[in-house]
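Secondary and tertiary structure notes
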Amino acid sequence: MDAAHAILRKVFGYDRFRPPQDAVIAALLAGQDALVLMPTGGGKSLCYQVPAMVRPGVGIVVSPLIALMQDQVAALTEAGVRAACLNSTLSADAARQVEAAFARSELDLLYVAPERLLTERFLALLDRTRLALFAIDEAHCVSQWGHDFRPEYIQLSVLAERYPQVPRIALTATADELTRREIVARLALDQAQVFISSFDRPNIRYRITPRRNARDQLLRFIREEHPNDAGIVYCLSRKKVDETAAWLAAQGLTALPYHAGMAAEDRRRHQERFRNEEGVIVVATIAFGMGIDKPDVRFVAHMNLPKSVEAYYQETGRAGRDGLPADAWMVYGLEDVITLRQMLESGEADAERKRIEHHKLEAMLALCEVTTCRREVLLRYFGEQPAGPCGNCDTCLSPPATWDATEAARQALSAVHRTGQRFGVTYLVDVLLGKGDERIRRFGHDKLAVYGLGKALSAADWRGLYRQLIARGLIEVDVEGYGGLRLAEPCRPVLRGEEPLFLRKETTPTRAGKKKTRAAPPVGGGELWEELRALRRRLAAEHDVPPYVIFNDATLAELVAHRPRSLGELADIHGFGEHKLAAYGKPILDLIRDFVASEN
Ligand code: ADP
Ligand code: ZN
């Protein structure tokens, strides 16, 4: 462990391990297997990088994502570690060179794609070389039920049979019990020590708002809170992605679309720009996901409701990997609920699967409508017991007012019942408001007791109310595709007036008294920050790596705060190991010295 600590300081420039990194490393150094479940940004990489460097031989890292591999190798090389990767982007010649270096044990870490690892040729190479460990990154790819299933991952069990002496470590940020059991079974990790970290991401601020005018809401959020920041905007459809990206670009923002319908080349280019430039916004379907290792994504915005809390958590988790404040922002509306319910019902899945997916959607809706701390709901969903309200989500920061919706809910339910349980929300709201619609007269619904009974509330209020009733499972959405509403069994006590119903009050912002959720403290800013950022851009271009590989925003913030004057002081800043000190120490210190001089 002494050697591990020395590497942590000298190579990575950090002064202590974040638990459970030290325990994981100790297990591997003792020759044991490990299974590590840690949230995104938790620090999984060091868990295998450090022991691979301490143990004799080469550490083999299996990773499904080429972009991720390249980033890791670039970052390690910048830190002075002997790392390389083998994947389909290498020329035959370059691949042969890497293999030769590997065969001579001149590497600390070798990253390989699973399909390459499993070739007889490569296995033969492994047989002849001393191995420090196997690390299986994104281990949830082994799960057939998961969204990232990779068939090659299943064959990785061969490593256990073929190299029983080499410790193996599997890592993932997917938290649920089922996936964990599958990883253990399929990768033969029943002897492994299991390390489960809290999945909390305290630096992410969760915010969910009803949709009014999605584009304006998004634009205001970006302009007011993240004017020059990198971010991801998720939309449900390709069409919406294209429209939203074009619209943001027309407003003067750097926004690029990304979805599976685009040419591979365009997709690659947009992803590269997102990685290599600062302040780029990618507007994407969920196809833009895994492999986004960029640490300084300052916001993730959802324009639609995700299908499950797992999906929401994974997507929002791409914000703030560097630990600095970040926003997970979402608008959602009644249409989302209806669309998702319909998609689910009309899908191909069998009844059992549909039932599970239904529950997942319900949990997601409950998260949206909750009037208490969102983080508590999230963490409980993942089986944790949070200590209390977090103070860093919208409901903690500006607790929503609730109102006694018992009577209004009865009227809304009654409108569904009296009109025969087949009309959509728009029609029902018209009935409640007593609109002189021709259809309403034709069906004789202007004769109903509920006709015009709801004039005390606005159309938006009624829509909000219906959304919440659907979200709470008191109303069901028709499956045939017309979006008609039906009463669901749990509505009975409310309809009979036996059960009071308190709902979230939706504040429609008026021009005068706009109610704003407090913005997260901005990351960075100021002249020195900008100058260091420009220097970082220049160094990144010279070294042909993304800026955050030179140093990330957390390090940048420390530089601004401490203004180191010597290499010794610079060494105390997190993220500066010996190699980076030697490579960039001088230009950074020069810049800070000149800046301080010009200030005086
Ligand atoms: P993950 O793979 O779990 O998403 P990473 O391994 O990319 O996370 O680490 C996330 C960030 O945390 C990186 O910027 C990394 O340098 C930093 N980090 C990891 N371990 C430590 C540590 N012990 N001290 C300080 N920073 C750390
Ligand atoms: Zn909270």
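None of these values were measured; they are calculated from a predicted model.

Things to note about the sheet that holds strand S5 (residues 131–136)
Strands sit in the order S3-S4-S2-S5-S6-S1-S7 across an open sheet of seven strands; the sheet is parallel. Edge positions in the sheet fall to strand S3 (83–86) and strand S7 (193–196), since each of these pairs with one other strand and no more. Going from strand to strand, the sheet's axes swing by 20° on average, the running direction of each strand aside. Here helix H5 (residues 92–103) sits on the sheet and contacts strand S2 (58–62), S3, strand S4 (109–112) and S5; the angle it forms with S3, its principal contact strand, is near 130°.

Concerning the domain arrangement of the chain
Size of an interface, as often reported, equals the accessible area lost when the parts are brought together. Assigned domains within the chain: domain 1 (2–196), domain 2 (204–397), domain 3 (402–504) and domain 4 (527–599). Taking only C-alpha atoms into account, the centre of domain 1 sits 30 Å from that of domain 4. Of the roughly 1000 Å² buried at the junction of domain 1 and domain 4 (both faces included), carbon and sulfur atoms supply 51%. Of all residues in domain 1, Lys10, Asp71 and Glu78 give up the largest surface area on contact with domain 4, accounting jointly for 50% of the area buried on that side. There are zero salt bridges connecting domain 1 and domain 4. On the surface where domain 1 and domain 4 come into contact, there are seven residue pairs in polar contact (both at pLDDT 80 or more). Elements supplying a minimum of two residues to the side of domain 1 that touches domain 4: helix H1 (2–12) and helix H4 (66–78).

Brief notes about the coordination of the zinc ion (ligand 2)
Note on the zinc ion (ligand 2): its protein donors are Cys373 (SG), Cys390 (SG), Cys393 (SG) and Cys396 (SG). The metal-donor distances range over 2.3 to 2.4 Å. Of note is the zinc ion (ligand 2), whose four donor atoms meet at the metal with angles of 101 to 119° in an arrangement that counts as tetrahedral. Along the chain, the residues donating to the zinc ion (ligand 2) fall in the pattern C-x16-C-x2-C-x2-C. In this pair, Cys373 sits in the loop between helix H16 (351–369) and helix H17 (374–381) while Cys396 sits in helix H18 (residues 394–397), placing the two residues 23 residues apart along the sequence. The class of Cys373 is buried, set by a relative accessible area of 4%.

Things to note about the site of ligand 1
Taken together, 15 residues lie around ligand 1, and Tyr14, Arg16, Gly41, Lys44 and Ser45 are the ones closest in. Between ligand 1 and Gly42 there is a distance of 3.4 Å, counted from an oxygen atom to a backbone nitrogen or oxygen. In the model, an oxygen atom of ligand 1 is placed 2.8 Å from a nitrogen or oxygen of the Lys44 side chain. Protein chains bury 81% of the 560 Å² of accessible surface belonging to ligand 1 in isolation. Per element, the largest residue contribution to the shell around ligand 1 is three residues, and it comes from helix H3 (residues 44–54). Looking at the shell around ligand 1 residue by residue, the class counts come to four nonpolar, seven polar and four charged.

Section: helix H14 (residues 309–316)
Most of H14 is tucked away, with seven of its eight residues classed as buried. Buried-residue contacts for H14 involve strand S8 (204–210), strand S9 (230–234), strand S12 (297–302), strand S13 (326–332), H16 and H17.

So, unusual backbone geometry
Each neighbour pair has its own omega, and for Pro19 with Pro20 the value is 5°, a cis peptide bond. With respect to the secondary-structure elements, Pro20 resides in the loop between H1 and helix H2 (21–29). Of note, Glu138 is a non-glycine position whose phi angle comes to about 50°, a positive value. Structurally, Glu138 can be placed in the loop between S5 and helix H8 (151–154). For Asp544, which is not a glycine, the phi torsion comes out positive at approximately 60°. The residue Asp544 is located in the loop between helix H24 (527–543) and helix H25 (547–550) in this model.

Calculation rules
Residue positions within a chain follow its written sequence, with the count starting from 1. Chain A is the first chain written and ligand 1 is the first ligand written, with later ones labelled in order. At least 70 in pLDDT is required for a residue's local features to be given in this predicted model, at least 80 for side-chain atom pairs to be given and counted, and no such filter applies to totals for whole chains, interfaces and linings, which use all residues. Excluding hydrogens and water, the side-chain values take into account all heavy atoms of the structure. Criterion used throughout: strands pair if DSSP finds at least two bridges between them. Secondary structure counts use DSSP, requiring at least four H or I residues in a row for a helix and at least two E residues in a row for a strand, with both numbered from the N terminus. Angles here are taken between N-to-C directions and fall from 0 to 180 degrees, while the axes themselves are lines fitted to C-alpha atoms, restricted in helices to the stretch in contact. Note on contacts: a residue pair is in contact if any heavy atoms of the two residues lie within 4.5 Å. Where each domain begins and ends is defined by an automated method or by a domain database. The term buried area means the drop in 1.4 Å probe accessible area that two parts suffer when joined, counted for both and summed. Within this document, salt bridges are pairs made up of a side-chain nitrogen of Lys or Arg and a carboxyl oxygen of Asp or Glu, the two lying within 4 Å of each other. What qualifies as a polar contact is a pair of N or O atoms within 3.5 Å, subject to a donor-acceptor requirement within protein and to the restriction that residues adjacent in sequence count only when both atoms come from side chains. Shown as donors are all N, O and S atoms within 2.8 Å of a metal ion, widened to 3.2 Å for Na, K and Ca; because water is not in the atom set, sites may appear incomplete. Every angle between 85 and 135 degrees makes a four-donor site tetrahedral, while opposite donors more than 155 degrees apart, with all other angles between 65 and 115, make a four-donor site square planar and a six-donor site octahedral; other sites are irregular. Each residue gets one of three labels from its accessible area relative to the maximum for its type: buried under 20%, exposed over 50%, partly exposed in between, using a 1.4 Å probe on protein chains only. Working definition: residue near molecule or strand if any one of its non-hydrogen atoms lies within 4 Å of it. Accessible surface area values rest on a Shrake-Rupley calculation with a 1.4 Å probe, where residue burial reflects the displayed protein chains alone. For this scheme, ten residues count as nonpolar: Ala, Val, Leu, Ile, Met, Phe, Trp, Tyr, Cys and Pro. Four count as charged, namely Asp, Glu, Lys and Arg, and the remainder, Gly too, count as polar.

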